[in-house]
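# Chains, contacts and geometry: an overview
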Amino acid sequence: MGTLAGKRIVLGVTGGIAAYKAVEVCRRLVDAGAHVQPVMTDGALKMVGATTFSALASETVRTSLFGDPESPIPHTQMGQAADLVLVCPATARIISDIRTGRSADLLTSTILATRAPVVVCPAMHTEMWEQPAVQENLEVLEQRGVLIVPPESGRLAGGDLGHGRLAEPATVVAHVERALTEQDLLGRHVLVTAGGTREPIDPVRVISNRSTGKQGYAFAEEAWFRGAQVTLVTTVETPEPVGVRRVNVQTAADMQRAVESVDDADIIVMAAAVADFRPADPAEHKLKKTDGIVPQILLEKTHDFLVDLGEKKPDGQVLIGFAAETDDLVDNAKAKLARKKLDLIVANDVTQPGVGFGHDTNEVLIIDANGSCEHVPLTDKRDIARRVLDTAANKLG
Ligand code: CTP
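A short tour of the structure in this document, coming up. (Residues numbered from 1 in each chain as written. Predicted model: local features only at pLDDT ≥ 70, side-chain atom pairs only at ≥ 80, totals over all residues. Heavy atoms only, no water.)

## Things to note about the overall build of the protein
- Each helix and strand counted, the protein has 14 helices and 19 strands in total.
- When the backbone C-alpha atoms are referred to their principal axes, the protein occupies close to 80 × 50 × 40 Å.
- Counting across all 397 residues of the protein, residues that qualify as buried make up 49%.
- Sequence-distant contacts, at least 24 apart, represent 65% of the contacts inside the protein between residues at least 6 apart.
- Working note: accessible area of the protein is about 19000 Å², and carbon and sulfur atoms make up 50% of it. (Helix = DSSP H or I, 4+ residues; strand = E, 2+ residues; numbered from the N terminus. Buried < 20%, exposed > 50% of the residue type's maximum accessible area, 1.4 Å probe, protein only. Contact = heavy atoms within 4.5 Å. Areas by Shrake-Rupley, 256 points an atom, 1.4 Å probe, with all protein chains shown as cover.)

Structural data, given as structure tokens:
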């Protein structure tokens, strides 16, 4: 079950043109199993119809402090019951009201009446966004622990282009999920590698493998949800998960450089399928059929940089390697764990159905340098990441 399942979320919608995007946020939260109570301000009601939210949410829209026979004090009832209050979009006005603790309407009163985390998604024109008053208000909110989902650049109301556009619904939902996840990796830097490296034969051809990067991406996503700063060094072009810094590379040598340029990783997750061999002398020009001879490709070994990472591992760092095997899973994985001086190795038998390359699922053994071995039966790759990071977080202490 996902983090959002069963969570009570008050969705405060204020009067920005981006209110229409909050409809999609509402739908996504409900789809993820959250119980959503929408609250609309007078301004929001001028932008989108209450019926739209009432139809999609778990409860009908509330708009007023007064007049509800079933709930004479709706702000305290909603504020106390909430697991999280999300303000999306948040206008400059509501940001200012939250800062000053002004109880001006049902939404501001609910925010005052809650002890739950508050997530604020600003959306406004660039000129308004850049006002020192707005920036100062947001800084104060952040210092108080309010989570701000930064706006993006792009098309604004009235055909303008600029900064201040509401974050995309998927981004907003990801921030909500993060706010509801235990932050056991907060302040930590997690470096993840993903995908199969591509070793050139000539400018158009490569030697690669069947890795799609899904397991590495699942690690990056899970680590960010748990509060970490995440760097993802990847050979695949799939967009990065929300909050993650992506560095694209092609070859094992590129990947080594990118990994070695990070010197403050608390956890390194080497999920990439790094090529063991590469063409020794890649052609500078495309090899042509018309040249007659079928080329013989001479291979040479790539450098196993996980060995280097194990050799110079700083105190306190948790180094995690992978072993995709077809035979003697446990013995091969244990030998790699020892040879590469790893803290953990995640081993899978890629001959099993649903396991390894390209699948959304995996079945693994998590083998610890301390001798313990945990079997994780077939489950989705995010769940695998969760279990491995649980063990890694314990090791960090
Ligand atoms: N790895 C690496 N650099 C390489 C090859 C592998 O950093 N040149 C890392 C992988 O990212 C993985 C681990 O080492 O985390 C194990 O990779 P694998 O190819 O399974 O192991 P090898 O030691 O290369 O052994 P073999 O291929 O013979 O099974």
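From this point, the discussion proceeds with the structure in view.
## Details of the packing of helix α10 (residues 214–225) against helix α14 (residues 381–396)
- One way to put it is that α10 packs onto α14 with a least axis distance of 8 Å and a crossing angle of 55°. By the angle class used here, α10 and α14 are oblique. At the point where α10 passes α14, the crossing takes the right-handed sense. In contact with Lys214, Gln215, Ala218, Phe219, Glu221, Glu222, Ala223 and Phe225 of α10, α14 contributes Lys381, Arg382, Ile384, Ala385, Arg386, Val388 and Leu389.
- Partitioned by chemical class, the residues of the contact of α10 with α14 number eight nonpolar, one polar and six charged. (Axes fitted to C-alpha atoms, helices over the stretch in contact; angles between N-to-C directions. Parallel < 35°, antiparallel > 145°, perpendicular 65-115°, else oblique. Left-handed = near helix turned anticlockwise from the far one by under 90°. Nonpolar A, V, L, I, M, F, W, Y, C, P; charged D, E, K, R; others polar.)

## Quick look at the pairing of strand β11 (residues 229–234)
- For β11, a buried count of five out of six residues is recorded, marking the element as mostly surrounded by other parts of the structure.
- Pairing analysis gives six bridges linking strand β8 (residues 189–194) to β11, with the strands arranged parallel. Directly across from threonine 193, in β11, lies its bridge partner valine 233.
- Sheet topology note: the β11/strand β12 (residues 245–248) ladder contains four bridges and is parallel. Looking at β12, one finds that leucine 232 is bridged to arginine 246. (Pairing = 2+ DSSP bridges.)

## What to know about the pattern of salt bridges
- For the structure on display, the rule yields 31 salt bridges.
- For arginine 226, the salt bridge goes to aspartate 184, with nearest N and O atoms at 2.9 Å. Of this pair, arginine 226 sits in the loop between α10 and β11 while aspartate 184 is found in the loop between α9 (169–179) and β8, placing the two residues 42 residues apart along the sequence.
- Judged by relative accessible area, which is 4%, arginine 226 ranks as buried.
- Salt-bridge contacts for glutamate 325 lead to lysine 336; the nearest nitrogen and oxygen are separated by 2.5 Å. (Salt bridge = Lys/Arg side-chain N within 4 Å of Asp/Glu carboxyl O.)

## Thoughts on the site of the ligand
- Looking at the ligand, there are 15 residues lining it, with Met270, Ala272, Asp276, Lys336 and Lys340 nearest.
- Contact between the ligand and methionine 270: an oxygen atom at 2.8 Å from a main-chain N or O atom of the residue.
- One of the side-chain N or O atoms of aspartate 276 is found 2.7 Å from an oxygen atom in the ligand.
- Computed on the free molecule, the ligand has an accessible area of 570 Å², of which 78% lies beneath the protein chains in the complex.
- Here the ligand occupies the largest pocket.
- The set of elements that each furnish at least two residues to the shell around the ligand consists of α12 (305–311), β16 (318–325) and α13 (329–339).
- Split by residue class, the shell around the ligand holds seven nonpolar, three polar and five charged. (Near = heavy atom within 4 Å. Polar contact = N/O pair within 3.5 Å; in protein donor to acceptor, adjacent residues only side chain to side chain. 1 Å grid on protein atoms, 1.4 Å probe; cavity = no way out; pocket = protein on both sides within 12 Å on 5 of 7 lines; lining within 4 Å. Sits in = over half its atoms within 2 Å of the grid points.)

Geometric descriptors of this kind do not, in isolation, establish any biological role.
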